[in-house]
Amino acid sequence: MTHTEIEITAELVRDLLRDQHPDLADYPVRLGARGWANQLWRLGDDLAVRLPWMGETADALLLKEHTWLPALAPRLPLPVPVPQRLGEPSPRFPRPWIVTTWVPGEPADRAPVTRGAEAADALAAFLTALHQPAPEQAPAGRGRRGPLADYSEGFAKQLAEATEMGLIPDPDAVHAVWEDAAAAPDWAGPALWLHGDLHPANVLTADGTICGVIDFGDLFAGDPACDLAAAWILLPDGTADRFHAAYQPAPDAATLRRARGWAVGRALVGILIGEAGVRGRRGGKATWGPPAHAALRRLTATIHH
C-alpha cells in the first residue's frame, strides 16, 4: 500500500485513538482541513489529529513539530497547535501521526486581514518572540536556507512560467526586486528560530486581524528575513512599515532587502498555485491567487531604483 492509497476517515482516526490513546477515543471526530501533506481532523472542541497523507517528507515534519514546538509555544503571544501526543506507525496506519491543540480561526487566504494596524502589531510581536537564537541541533531549512542567490535559477523559471501565462503585468519590476535582494549582504547574526512558511493558508484570522499561526512543519533556524517577508504577503497595503517598526530588534536595510526577495519568491509561488487551482489542476488552490497578486503589487509598487 503506497502512502497516498490510505483513505483517512473518521472511523480510522477513532480506531487509531482507541489503539494508542484510548482516553481520547470517545471525543467526536470530524474533518478539519486537508492540507498539502497532512489531514487535520478535529477531536472534540480543543484538540486535533494530524495525519500525513501525501508525500514522503510529511512524517519527518510532524516528528519535528512534536520534538520542538512544545518548548517554543509557551513564549509565543499567538495560539499555535501544540503537540500533545504522538501516534506510532501501525498495521492500521503505517505512518506516525500527532494529536495537537486546535487553533480556532479562518485561514487568511479565505478571510484576509482587514484591520491592518492590529494585525501588523500582532505579527510583529509573534515574530519578535519566535526569532530567538536556536540551539545547534535545531533543524536546517528545506529549500529556504543559505543565500537567496542560490535560488535565482528557480525563481527565473517560475517568473518566466507565470509571465507566459499572462499573470505578471511587469516582469521586469518583479525581477528587479529579486536582483536587489539577491545582491544584499548575507545574514551575519546567529541562526534564529523561524516558522519558515508564513503564507496566508498558515495564518488564521478572526474579526479582521491575526489570531493564530499553524503548520510549523518548516520550522528551522536561519536568517529572519525568510519570516519577515510575511509583512508583504499577509498584511494589507501600507502596513509593512508599521510591522517593521514594531518588530524587535529593528531589521537593518540588508535584512529588509532580503525579506523582499523571499516575499517576491513566495508571491510568485502563490500565483502559480492559485492559477493551477483556477484551472482545476492537481495541487492547485484557487484561494492562493488573490493574496499572492496583492503581495506582488505591493512589492513592485515600492521598488527602489
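Read on for an overview of the structure.

What counts, and where the lines are drawn
Residues numbered from 1 in each chain as written. Predicted model: local features only at pLDDT ≥ 70, side-chain atom pairs only at ≥ 80, totals over all residues. Heavy atoms only, no water. Helix = DSSP H or I, 4+ residues; strand = E, 2+ residues; numbered from the N terminus. Contact = heavy atoms within 4.5 Å. Expected span 1.5 Å × (residues − 1). Buried < 20%, exposed > 50% of the residue type's maximum accessible area, 1.4 Å probe, protein only. Pairing = 2+ DSSP bridges. Axes fitted to C-alpha atoms, helices over the stretch in contact; angles between N-to-C directions. Parallel < 35°, antiparallel > 145°, perpendicular 65-115°, else oblique. Nonpolar A, V, L, I, M, F, W, Y, C, P; charged D, E, K, R; others polar. Core = buried A, V, L, I, M, F, W, Y, C linked by side-chain atoms within 4.5 Å.

## So, the environment of Leu-51
When you line up the elements, Leu-51 lands in strand E3 (residues 47-52). Along the sequence, Leu-51 and Val-13 sit 38 residues apart, while their C-alpha atoms lie 8.8 Å from each other. Those residues in contact with Leu-51, other than ones at most four positions away along the chain, are Ile-8, Val-13, Leu-16, Ala-37, Asn-38, Gln-39, Trp-41, Phe-93 and Trp-97.

## Regarding helix H10 (residues 289-301)
With 13 residues, H10 ought to run about 18 Å at 1.5 Å a step, and its terminal C-alpha atoms sit 18 Å apart, in line with that. Among all positions of H10, only Gly-289, Pro-291, Ala-292, Ala-294, Ala-295, Leu-296, Arg-298 and Leu-299 are buried. If you follow the buried residues of H10, they end up packed against helix H5 (171-182), helix H7 (230-234) and helix H9 (253-278).

## What to know about unusual backbone geometry
Of note, the bond from Gln-248 into Pro-249 is cis; its omega dihedral lies within 30 degrees of zero at -10 degrees. Counting through the fold element by element, Pro-249 comes out in the loop between helix H8 (240-246) and H9. In this structure, Asp-207 is a non-glycine residue whose phi angle is positive, near 50 degrees. Secondary-structure assignment places Asp-207 in the loop between strand E8 (203-206) and strand E9 (209-213). Residue classification places Asp-207 among the exposed positions, given a relative accessible area of 68%.

## A short note on the sheet that holds strand E5 (residues 97-101)
Reading across from one edge, E1-E2-E3-E5-E4 is the order of the five strands in this open sheet, with antiparallel pairing throughout. Among the strands making up the open sheet, the edge pair consists of strand E1 (29-34) and strand E4 (83-87). Sheet twist, expressed as the mean angle between neighbouring strand axes with direction ignored, is 25 degrees. For E1 and strand E2 (residues 38-43), the ladder comprises five bridges, and the chain directions are antiparallel. Paired with Arg-34 across the two strands is Gln-39, which belongs to E2. Contacts between helix H2 (residues 58-72) and the sheet are confined to E2, E3, E4 and E5, with E4 contributing the most and set at about 140 degrees to the helix.

## Brief notes about the packing of H5 against H10
Across the interface, H5 lies against H10 with an axial gap of 9 Å and an inter-helix angle of 70 degrees. If you check the angle between H5 and H10, you find them roughly perpendicular. Taken together, the residues of H10 that come into contact with H5 (itself represented by Ala-173, Val-174 and Val-177) are Leu-296, Leu-299 and Thr-300. For the contact of H5 with H10, a count of residues per class yields five nonpolar, one polar and no charged.

## Considering the nonpolar core
Counting 65 residues, the largest nonpolar core has Phe-126, Leu-127 and Phe-243 as its most contacted members. Beyond its immediate sequence surroundings of up to four residues, Phe-243 is in contact with Ala-120, Leu-123, Ala-124, Leu-127, Leu-228, Ala-231 and Leu-235.

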